[in-house]
Amino acid sequence: MERRRFLHDVTYWSLSCFLLLHWPFPTLTTSAQAQTPQSGMALSKVGIGKDKDYRKLVRQVIALIGGMGAFVKPGARVVIKPNMSFDRPPEMGATTHPLVVRTLAEMALEAGASQVRIFDRTCNEARRCYHNSGILPAIQGMDNRKVRCDYIDRRKFVTVPIPEGRVLKGWDIYRDALEADCYINVPVAKQHGLAGLSLSLKNNMGILGGNRGQLHRKLDQNLADLATIIRPTLNVVDATRMLLRNGPQGGSLRDVQTNDTILASSDPVAVDACATMLFGRSPDEIGATVAAADMGLGIMRLNRINRIERP
Amino acid sequence: MNIYPTPVFLRRFSQGLFLCIFIVLFLHTDYQGQDEISGAVNLLFRVDPLIALASSLATRTVITLVLPAIFLLLSCLILGRWFCGWACPMGTLLDYVRPLLGKKPATIPAELPKLRYMLLLIILVGALFGLPLVGFFDPFAILVRGLSMALYPAFSMAIEKFFTLTYNHGPAWLNMLTEPAYQFLRATVLPFEQKIFTLALPAALMLGTLFLLEIFQRRFFCRYVCPLGALLALAARMAPWKISNRQPACTVCGKCNVLCRTGAIDKQGQVNSERCILCLDCLTGCPQHQFVFSRQHERAVLLAEGLSRRAFMGTTVSAIALPFLFAVRPLKRYPEPSLIRPPGALPEEEFLGRCVRCGECMQVCIGNALHPTFMEAGAEGIFTPRLIPRIGYCEYQCTLCGQVCPTGALKQLPPIKKQTVVIGLASIDRNRCLPYAKGVPCIVCEEHCPTPEKAIRLREVSILNEMGQVVRVKQPYVVDKLCIGCGICENKCPLPGHSAIVVTSAGETRHKRATDSNGYT
C-alpha cells in the first residue's frame, strides 16, 4: 500500500469510528444533586411507630409523614439503599430487616415507580451478604421485574466533587444512586465504635467506592460533607432490632435488643437525632449528627423536630 | 452410506462430552448462594487413582474421599487405557491444540518412554517417605491449576476490560447491545469477582509447556511424562480387552505406525497395549481393516517396556534418599511465620502429603484470599494454598475450601467448628497504626473483626499527636484468646502499603503446640 493511500485510509476510518462512537453527541445535563436542600429553619417532620408486624409498621410510619406518594412520583426510578454490609442473618441486627426493605419496595411500586433498585457496597463478600441478610431472597420473592437487587458494578463509580465539603473535597460515588429520581436511605440502627451510632448519615458510606477506611480519619465531618451531595428523598431508620454492643457487625443475640420501631423522615439529621434517643443517648454525642446540623443539613434540636408518633 | 456412527466418532463424542462436564464442573466451583456447595466439583480428582494412591501412601491411611478412583483403576484392568483416549480432559485438550501447532518431526531418544515409569516410582516411593510430588506431575492438577490460577482469571480480565471500555466510552446505542451481553456472560461464564493469583505465570507456564510439547510429537505428555498414564498402563498390561492386529493378512504397509497418536503400533503393526489409549484411529485408518478391539484369550506378544532392575532399584533408592535431603532445612523446624494455611488444614507434614496442589480451594475462595505458596513451605510446597490477608481475608461464615478439597488436606468443617479454628494471630504495629503513631482516630480493624466477642477492642487514651496537642483517641488492641487469624483486619487496614495490623501463623490450632496466655510456646 502506498503511503498516501495509507494515511488517507487511517484518517477516514478513525474519523468515522470516532463520530460513530460519539453519536448522538449527548449533552451532559444530569445533575448530581437531585434533591433540593432543606432549609435550616423549617420544622422537620419525623414519623415514629412501634409494632410487631413490620409490614404494617412501615406503611403506618410512612403514612405519618405524608405517604409514599409524597416521595415517589409516578414513573420515578427509585433506589432503596438498605444496610447489608455484613454477612449476618437478620436477627443479629447488623443489617436492615428484609421485610422493611420489601415493604418499601412494594410501596414504591404502588406509588407508581417505574423501577426499584436495591444495592449496597458490602464489607463482607457481596453474595453472602445479599443472601444471608435475607434481603435478596425477600426481593426475589416479590417476583416483580421492576424490582431488582443488584450487585455493585465496579464500573459505575463516578468521581463527584464535593464543593461544600469542609474536609472531603470529592469521592467516588455510585452512579445509580446519584441518578435516581427517588433515593430511599434505609439504615439499621446500631452501635459503631467510632461514629457512636451507625444511622442515616453513616449508611451513605454504602454507595461509596475507593478505600472507605480512609474516611475514618475525620469520620464525623466526612459524613456531614457527604450528606451535602447524597441527599436522600426519604430516610427510614430500621430500629426493629438494635445492636447495642460489638457493632457494627455484632454476631451475638445477647447484644441485640428487639425494639419493633421504625422512624422515617426526609431530614436525615432529624431522624438520626430521634433514633439516637432510642439508645438512651443524646444527639450531641453523635459527631456526625452534630457536624451535619452545623452545616445546615438538617435539624438536630429535639424541640424543633415535629415528632409524629403513631397513637 | 454407513448410518452407524464410526468408532472414531464415538470416541470424539465421548471426549467432547467429558470435556464439557469438566468445564461445567470447573465453572460451578464457586459460591452458589448457600453455605453448602452443590455438585461434586472435585469429582475429577476423586477418580484419579494416582492421587488416591499417592495421598494414601503419604498419610498411610485409606482416604475415603478418593475411593471412587478404584472404579477407574478396575475399568482399566479390563479395558486398558480407555480413560486417556476417551475421557481425560487434558488429553482431549492436547488433541484439540495439535492441529494448531503444525508438524515438527523430532527424533526422540529411545529410552524416553521409561521416564513416566520412573516418575511414577519416584512419586509413590517419595510419597511414602515424605516427599510429596504428585501435584507437580498429575495431569489434572496441572490442568486445573493452570486454568484456575491463570487462564480463567485472564479470560475474565479480557472480557471485563472490553465491556468496561464500551461502558465508559461507547455511545448509548452500543451499550444497549453490549450491556445485556455482559450481564449474560456474568451470569454464565464469568467469575463473580475478578481474581488475581501470586503464581499465575508459573501455573500458566506449566500448562503451556504441555501444550507446546505437542510440537515434537502427538500426545508427548501422555507418552513420556504422565504418571497417571503410567499407572493406568500398568493396569492395561493385564487387560483382556485390547486392540490387536489380525496377523496373517497384514501387508506391513506401515500406515498404522504413522497414524497412531501415542506411538503404540510398531513398524510390524504390533500394538503395545501399555501405550494404546484406544483412540480407535487404527480401526478406521488401516486400509485392510486389520485391527480389532476384542477380548484376547491367548497372550499376545508382550511389548512390555518396564524399567530394568537396575533402573528400578536406582530410582527407588533415590526416592527414599531425597525426602531426607529435603528434611534437613530450617523451615521444617521453624516454619515461615507468614505461611498461614486455610482453616481445616491438617498439620503441615500431613497437609503437604495430601494436598494435590490443584488450586480448587483457591478458585472457590470467596475472598480471593488463598494463593499458591512459592518457597515459603520449601520447594515441595510450591502451589499449596496459603492465606495472604492483605490481598483477601478468610470470610467468617464461609467453609467452601474444605468442601472442595479432593483429598481432605483441608478438613470439611461445619461453620460453627470453622469459626473456632485458629489459623493465625493478629498483632498491631504501633509504629504505623494511626491512633498510636499519629494520634489520629481509626477503628477500621475493630469494626470489621467478625468474632461475636470482638478480638480487637478499643481503649480510649489521651496522647500527644504530631502537633504536640493532647488528643483523646481510641487505640485498638488484640485479645489473643479470641483472635482466629481470619485476616480481615490486615485486609481492611486503610494505611497504604503495609498494614498496621499483621497476621502470622502463630497459635494455629492444627499444631498441638498451643500458645499459653502469656504468648510463650
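Because the structure is a prediction, the values reported are computed rather than measured.

Peer 1: Residues and numbers for the interface of chain B and chain A, please.
Peer 2: Between chain B and chain A, the contact holds 43 residues from the first and 37 residues from the second. Where chain B meets chain A, there are 5 salt bridges. A salt bridge links R128 of chain A to D35 of chain B, with the shortest nitrogen-to-oxygen separation between them at 2.8 Å. Linking chain B with chain A are 20 residue pairs in polar contact (both at pLDDT 80 or more).

Peer 1: Describe helix α3 (residues 49-59) of chain B, and please don't skip the residues or the numbers.
Peer 2: All names here are of chain B. Extensive coverage of α3 is indicated by the burial of 9 of its 11 residues. Residues of α3 that are buried include every one of P49, L50, I51, A52, A54, S55, S56, A58 and T59, and no others. Close packing links the buried residues of α3 with α2 (43-46), α4 (69-79), α7 (115-129), α8 (134-137), α13 (227-237) and α18 (348-354). Two to three positions downstream of the cap, the backbone nitrogen of L50 sits 2.8 Å from a side-chain oxygen, assigning the N-cap of α3 to D48. Immediately beyond the C-terminal end of α3, within one or two residues, lies R60, with a positive phi of roughly 55 degrees.

Peer 1: Summarise the packing of aromatic side chains; cite the residues concerned and give the values.
Peer 2: Residue and element names in this part refer to chain B. Summed over all chains, the structure comprises 16 aromatic pairs over all chains. An angle of 85 degrees between the planes, with centres 6.3 Å apart, marks the rings of F45 and F140 as edge-to-face. Residue F45 is found in helix α2, and its partner F140 is found in helix α9 (residues 139-169); the two are separated by 95 residues along the sequence. In terms of burial, F45 and F140 fall into one category: buried. Relative to F83, the ring of W82 has its centre 5.9 Å away and its plane inclined at 85 degrees; by these criteria the two rings are edge-to-face. An aromatic cluster is present here, built from F45, W82, F83 and F140 joined pairwise through their rings. The cationic tip of R145 hangs over the ring face of F383; the distance from NZ or CZ to the ring centre is 4.2 Å. Lying across the ring of Y477, R459 places its NZ or CZ 4.1 Å from the centre.

Quick notes on the rules
Residues numbered from 1 in each chain as written. Chains lettered and ligands numbered in written order. Predicted model: local features only at pLDDT ≥ 70, side-chain atom pairs only at ≥ 80, totals over all residues. Heavy atoms only, no water. Contact = heavy atoms within 4.5 Å. Salt bridge = Lys/Arg side-chain N within 4 Å of Asp/Glu carboxyl O. Polar contact = N/O pair within 3.5 Å; in protein donor to acceptor, adjacent residues only side chain to side chain. Buried < 20%, exposed > 50% of the residue type's maximum accessible area, 1.4 Å probe, protein only. Helix = DSSP H or I, 4+ residues; strand = E, 2+ residues; numbered from the N terminus. Phe/Tyr/Trp six-rings, centres within 6.5 Å; stacked < 30°, edge-to-face > 60°. Lys NZ or Arg CZ within 6 Å of the ring centre and 35° of its normal.

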